[in-house]
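Inside the fold
In case you want the letters, here they are:
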Amino acid sequence: MEGSVFTPSLEGMKHIKSPEGEMLAKPFLEVCKLILPVIEKFGAAMTLVKSDVGGNISRLEKKYETDPTKYKYLYNMVKEEVECKTATGSSSCTNGLLWLTRAMDFLVELFRNLLAHPDWTMTECCTDSYGKTLKKFHGWIASSSFTVAMKLAPDRKKFMDVISGSGDVNADMEKFCSTFPQFLEENHKFLANFGLDDMKA
């Protein structure tokens, strides 16, 4: 593997914004898709996250493909649903974008923990980042299944070896954690404008 598992997503981030600074739907979803191989390396611990992320990406992609010109800009999907008063529906693209962004927040925190706490086990890194991000939006059932899943987290050293490839994985992870959150933050701000950023599971 050329570089680390983060290399493709770091490359993809350069194309998320249009020259005018607008968030582009396809490149944003592509970057999220490029994170899936990293999630896969967690094995059983991330089954829930992986299916959630995958499902939300394909929901947004399907919408994009119905009219690539109309939905070239990611937020057009949300604006349209807000106008049609369908944004808060559980199968809306707005809901999909919100949960996709939250799952990415969780992963960023997890990677930050791996960098900041070399002495923590993978389960500790996962549990802490879950507490900082997704937990407050999850009901009791989702929260319980997540907590159980975290206990299945792989051995930290094995995981790091697997994702390293031929690159400097720590440097790439750091770059990922310093670059990707600005896009996630923008999604949150945009959704908050319509009072849509605090929907619970």
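Everything here concerns the structure above.
Right, let's walk through the structure included here.

Thresholds applied
- Residues numbered from 1 in each chain as written.
- Predicted model: local features only at pLDDT ≥ 70, side-chain atom pairs only at ≥ 80, totals over all residues.
- Heavy atoms only, no water.
- Buried < 20%, exposed > 50% of the residue type's maximum accessible area, 1.4 Å probe, protein only.
- Helix = DSSP H or I, 4+ residues; strand = E, 2+ residues; numbered from the N terminus.
- Arc of directions from axis to C-beta.
- Contact = heavy atoms within 4.5 Å.
- Polar contact = N/O pair within 3.5 Å; in protein donor to acceptor, adjacent residues only side chain to side chain.
- Disulfide = S-S within 2.5 Å.
- 1 Å grid on protein atoms, 1.4 Å probe; cavity = no way out; pocket = protein on both sides within 12 Å on 5 of 7 lines; lining within 4 Å.
- Points joined across faces, edges and corners; volume = space filled by probe spheres on them.
- Nonpolar A, V, L, I, M, F, W, Y, C, P; charged D, E, K, R; others polar.
- Axes fitted to C-alpha atoms, helices over the stretch in contact; angles between N-to-C directions.
- Left-handed = near helix turned anticlockwise from the far one by under 90°.
- Parallel < 35°, antiparallel > 145°, perpendicular 65-115°, else oblique.
- Salt bridge = Lys/Arg side-chain N within 4 Å of Asp/Glu carboxyl O.

**A word on helix H8 (residues 156–164)**
- Of all the positions in H8, only Arg156, Phe159, Met160, Ile163 and Ser164 are classed as buried. Relative to the axis of H8, the buried residues are bounded by an arc of 130° and lie together on one face. Summarising the geometry of H8, the exposed residues directed more than 90 degrees from the buried face are Lys157 and Lys158.
- Among the structural elements, helix H2 (25–40), helix H5 (93–116), helix H6 (122–132) and helix H9 (169–179) are those in contact with the buried residues of H8.
- A side-chain oxygen of the first residue of H8 lies 3.2 Å from the backbone nitrogen of Lys157; this N-cap is Asp155.

**Section: the side chain of Ser9**
- Tracing the backbone through its elements, the reader meets Ser9 in helix H1 (residues 7–12).
- When neighbours within four sequence positions are excluded, Ser9 is seen to be in contact with Val31, Leu34, Ile35 and Phe176.

**Concerning the state of the cysteines**
- The final tally for this structure, using the stated rule, is zero disulfides.
- Counting only cysteine sulfurs, Cys93 is the nearest neighbor of Cys84, a cysteine outside any disulfide, at a range of 11 Å.
- Of all cysteine sulfurs in the structure, the one in Cys125 sits closest to Cys177, which takes part in no disulfide; the separation is 11 Å.
- Accessibility expressed as a relative area gives 6% for Cys177, which makes it buried.

**With respect to the layout of surface pockets**
- For the largest pocket, the calculated volume is near 190 Å³.
- Lining the largest pocket, in full, are Leu48, Val49, Asp52, Trp99, Ala103, Leu134, His138, Ala142, Ser145, Phe146 and Ala201.
- Counting only elements with at least two residues in the lining of the largest pocket, the list comes to helix H3 (47–66), H5 and helix H7 (140–150).
- For the lining of the largest pocket, the class distribution of residues is eight nonpolar, two polar and one charged.

**Topic: the packing of H5 against helix H10 (residues 181–193)**
- Across the interface, H5 lies against H10 with an axial gap of 10 Å and an inter-helix angle of 145°. H10 is crossed by H5, and the crossing has left-handed handedness. Residue-level inspection shows Thr94, Leu97, Leu98, Thr101, Arg102, Met104, Asp105, Val108 and Arg112 of H5 in contact with H10, the latter providing Pro181, Leu184, Asn187, His188 and Leu191.
- Residues of the contact of H5 with H10, tallied by class, amount to seven nonpolar, four polar and three charged.

**Regarding the packing of H8 against H9**
- One way to put it is that H8 packs onto H9 with a least axis distance of 10 Å and a crossing angle of 85°. Comparing their axes, H9 and H8 come out roughly perpendicular. Only Val169, Asn170 and Met173 of H9 make contact with H8, whose side of the interface consists of Met160, Ile163 and Ser164.

**A look at the pattern of salt bridges**
- Tallied over the entire structure, the rule returns 12 salt bridges.
- The residue Lys33 makes a salt bridge to Glu61 at a minimum N-O spacing of 2.6 Å. Within this pair, whereas Lys33 is found in helix H2, its partner Glu61 is found in helix H3, the two being separated by 28 residues in sequence.
- Taking the shortest distance from any N to any O, the salt bridge between Asp161 and Lys157 comes out at 2.9 Å. Within this pair, Asp161 and its partner Lys157 are both found in helix H8, separated by four residues, close to a single helical turn.
- With relative accessibility at 47%, the residue Asp161 sits in the partly exposed group.
- By sharing partners, the salt bridges in this structure join Lys26, Glu30, Lys33 and Glu61 into a single network.

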